[in-house]
Amino acid sequence: MEKMKFAEELVREFLVFRGFTSTLQAFEKELATDIGKGFQVDKILDLIFSVYIPKFEADKLVDLLSFFRNCFSFSDSNLIPVISKLDQSILRYYIVNALKCGRKDKVLEFFGAFGNDLLRRDDSWSSWFAIPYLQNPHLDPQFRVYFSEEWFRALHLSIMNFLTYSRTPALLKISSERDTVKHLKKEINQLNLKLSQLQTLLQEKEALLRLSRSGAEESITPPSNVTPSGERESFQIRDNVVESCESRFNFNNHADERGNSNILQGLIDDSLLGSGSNLQSEENFLEVKAVLQDSFLGHTSPISCSRFSASGDNIASSSIDGTVRIWTYDSAAPTSRNATIYCGAEIMSLEWDCKSDRLLLIGTSDGGIKAWNVDAKRVVCDLNSTEGYPSILDLKCSPVEPIFVSAAASRREGTGYFDNLGCASLTVWNMRTWKPMTVLPLGKDPPAVTSLSFNHNGKLLAAAATDGMIHMFDMSAGQQVTGWPANDSAISSIRFGPDETSIFSLGTDGNIFEWSLHNQGKILWSRNCSRFCNPENSSDWKHEMALDADGRRLLVTSSSTSAPIYQVRGQMSGMRTLSHSGSITTVDWHPTLPIFLTGVCWVWMGVEGIVLERAMSCNDIAIMHCWGTGGSATWWNEFVVVKYSVNDFSIGTSRKTATSYSSKSLISV
């Protein structure tokens, strides 16, 4: 049906272009009748055998058959004998059905209206003019077969097969060919990306091979009475790590000694690994090689959140002025869902429905939770949290059940983002009735929960709090099953690992830990990104992290102009994003492709007016920046979408110029 509508639009466009207005009016009138039912086989069969024949609407039946005869005869002359035979059989069934119903008058009326035309087309109709006058036509040898159920079923099946496998008009093939071209282009892009990955992997292996050969040639054995400086440094590092680990993980007297030793050993091993020659410091991270980079403009206040939809086709972004924008990064994709939504309060969290791209949940600073239908472009439900918990810090939809969980917090006087947060409340909501189902237990006066994460089947929910604790909930029972102190500082973001055997936590002090779920308290991997997550430079917003689809790379927000992309448990340390115009306040990863997005905000004092300027990054990638006034300072906001080569750690360039964001509708809710 979609192909039919596309073809109709092409016809309209051509008629308007040529100025055939009268023909266009006739075309629209014919479409209103839709006599062919858009060549939907089931509807055509229903029209013939359930409407026209039982209701004895002979005129409409003959018109329909004439329409099909003209339509198929024009497209293929070889079909004329087949069409004529089916036409004849359908009309004969009309007569047989009228006789079965005892309506000889309808048979006589039919022959009176169309008899002459039937005789001109086929002489075999002459014997049928006698059938109304036969006392038992179903017993007559000439007509008996037409009264059998087997003949009717054969006729029905023949018509269905003919309509199903008939030749497609050339105009309808345009849509199919367009879809084929798009599919082939997508395949080509995927193959090019795979080729780039393989080339990069080959270059990496060759570089490691050259490094190992040069190291073997230049290695010199030191005298036995001299201790190598590298060994002294190693001992010094180990001593420092042991001391820091012992001081950091001094748990209460009831803690499990074996668990503490696992944590200590994990930190020691990871710190020693980080100090090795194979791993680089963040300062030495190479910039990611961007295959494509686009910047999208539109927000006029600091960006607070951004999320890819479940399929990755759409992106939702929000700012603290209460504006949410829905857009697509692919210029070839339809923009019918693009919208700008005004919520009237600061946006603190966004979450797409895990099963489709239709619903977007929006959490605000006044306790509101809005459910936005992107197809209908309206709010389908407007919820409110408990009055004492106005800040909706996070929202998470279950990947299986039609439920979502909201993490709300009370407020208190403070100087920064986390200082303003009071106690926590976790509420489970039903997405069919849009009513609260239960409140998850957290104890008396629990610290605010800042981040939530479901596992793959939605049975476990992880919640991270400002006291550095990770809480695990069994969603089927609605009870907390375990918890442990993960960070010395407040946890700002938490994510399940891709294999569901570990969980990542990011503290406000910049420490990232990967915790084992099989051996509670054991650290599998860790990094410190305090250079990027400086609390003094980002006290008004919450840092977050995002894992790629394979769980191999971890992207973290940054108070600097570039963000680190750590390689989880890999031989290389990682990469860093290309230089941005300011602090990177939000990040997310495409659910399937090697594409990530970053939200950027920069403050420039004393600038007046709005200026549109193009700036070139160090790798010659065009980025569009927008300056707009906001009080005494000017906020420079942009979204950057980067597509990169997965295995590439070398610096590369791109020549694609970014395009400005364009919104299709403005809606205030």
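The structure contained in this document is the topic of the report that follows.

Cut-offs and rules
- Residues numbered from 1 in each chain as written.
- Predicted model: local features only at pLDDT ≥ 70, side-chain atom pairs only at ≥ 80, totals over all residues.
- Heavy atoms only, no water.
- Pairing = 2+ DSSP bridges.
- Helix = DSSP H or I, 4+ residues; strand = E, 2+ residues; numbered from the N terminus.
- Axes fitted to C-alpha atoms, helices over the stretch in contact; angles between N-to-C directions.
- Salt bridge = Lys/Arg side-chain N within 4 Å of Asp/Glu carboxyl O.
- Buried < 20%, exposed > 50% of the residue type's maximum accessible area, 1.4 Å probe, protein only.
- Expected span 1.5 Å × (residues − 1).
- Arc of directions from axis to C-beta.
- Phe/Tyr/Trp six-rings, centres within 6.5 Å; stacked < 30°, edge-to-face > 60°.
- Lys NZ or Arg CZ within 6 Å of the ring centre and 35° of its normal.
- Core = buried A, V, L, I, M, F, W, Y, C linked by side-chain atoms within 4.5 Å.
- Contact = heavy atoms within 4.5 Å.

A few words on the sheet that holds strand S16 (residues 460-465). The strands that make up a sheet are held in pairs by hydrogen bonds between backbone atoms, and each pair lies either parallel or antiparallel. Strand order in the open sheet formed by 4 strands is S15-S16-S17-S18, with antiparallel pairing between adjacent strands. Edge positions in the sheet fall to strand S15 (449-454) and strand S18 (479-485), since each has one partner strand and no second. When strand polarity is set aside, the average angle formed by the axes of neighbouring strands in this sheet is 20°. Examined bridge by bridge, S15 and S16 share 5 bridges and lie antiparallel to one another. Note on S16: the bridge partner recorded for Leu452 is Ala463.

Here the focus is the pattern of salt bridges. Scanning all chains against the criterion turns up 14 salt bridges. In this structure, Arg69 engages Asp87 in a salt bridge whose closest nitrogen and oxygen atoms are separated by 2.1 Å. Here the residue Arg69 occupies a position in helix H4 (residues 58-75), and Asp87 occupies one in helix H5 (residues 80-100), the gap between them amounting to 18 residues. The partner of Asp382 in a salt bridge is Lys370, with the nearest N and O atoms 2.9 Å apart. Residue Asp382 is found in strand S10 (residues 378-384), and its partner Lys370 is found in strand S9 (residues 368-373); the two are separated by 12 residues along the sequence. When its relative accessible area of 9% is taken as the criterion, Lys370 is described as buried. By sharing partners, the salt bridges in this structure join Arg69, Asp87, Asp117, Arg120 and Arg121 into a single network.

Another aspect to go through is helix H7 (residues 149-164). Counted at 1.5 Å a residue, the expected span for H7 with its 16 residues is 22 Å, and the 23 Å between its end C-alpha atoms agrees. All of the buried residues along H7 are Trp151, Phe152, Leu155, Ile159, Phe162 and Leu163. Each buried residue of H7 sits inside an arc of 100° when the element is viewed along its axis, so together they form one side.

Burial of the side chains of strand S25 (residues 564-567) extends over both faces: Pro564 and Tyr566 are buried on one face and Ile565 and Gln567 on the other. The sheet contact formed by strand S24 (residues 553-556) and S25 spans 3 bridges and is antiparallel. Residue Arg553 lies in a different strand from S25, and its bridge partner there is Gln567. Both S25 and strand S26 (residues 574-576) contribute to a ladder of 3 bridges, which runs antiparallel. Note on S26: the bridge partner recorded for Tyr566 is Gly574.

The final tally for this structure, using the stated rule, is 22 aromatic pairs. Judged by centre distance (6.3 Å) and plane angle (35°), the rings of Tyr93 and Trp151 are tilted. Placement of Tyr93 in helix H5 and of Trp151 in helix H7 is noted, with a sequence separation of 58 residues between them. For Trp151, a relative accessible area of 16% translates into the label buried. When the ring of Phe110 is compared with that of Phe114, the centres are 5.5 Å apart and the planes differ by 50°; the resulting orientation is tilted. Note that Phe110 and Phe114 are positioned in helix H6 (residues 104-121) at a spacing of 4 residues, about one turn of the helix. By relative accessible area, Phe110 is classed as buried at 2%. Joined through ring pairs, the aromatic side chains of Phe49, Tyr93, Trp125, Trp128, Phe143, Tyr146, Trp151 and Phe152 make up one cluster. One residue, Arg92, lies across the ring of Trp125, its end atom 4.8 Å from the ring centre. The aromatic ring of Phe532 is capped on one face by Arg531, whose charged end is 4.7 Å from the ring centroid.

By size, the foremost hydrophobic cluster in this structure holds 44 residues, and its most contacted members are Phe49, Leu61, Ile95, Phe110 and Trp128. Contributing elements (two or more residues each) for this core: helix H3 (41-52), H4, H5, H6 and H7. If we ignore the near neighbours within four places in the chain, the residues touching Phe49 are Pro54, Tyr93, Phe152, Leu155, His156 and Ile159. Of all hydrophobic cores here, the second largest spans 15 residues; its members include Ala407, Leu440, Leu442 and Ala463.

What follows is about the sheet that holds strand S7 (residues 347-352). Pairing is antiparallel in the open sheet, where 4 strands are placed in the order S7-S8-S9-S10. With one partner strand each, in any of the chains shown, S7 and S10 form the two edges of the open sheet. Averaged over all neighbouring strand pairs, the angle between strand axes comes to 20°, with direction disregarded. In terms of strand pairing, S9 meets S10 through 6 bridges, oriented antiparallel. The partner of Gly368 across the bridge, within S10, is Asn384.

By themselves, these are just geometric observations and shouldn't be taken as functional.
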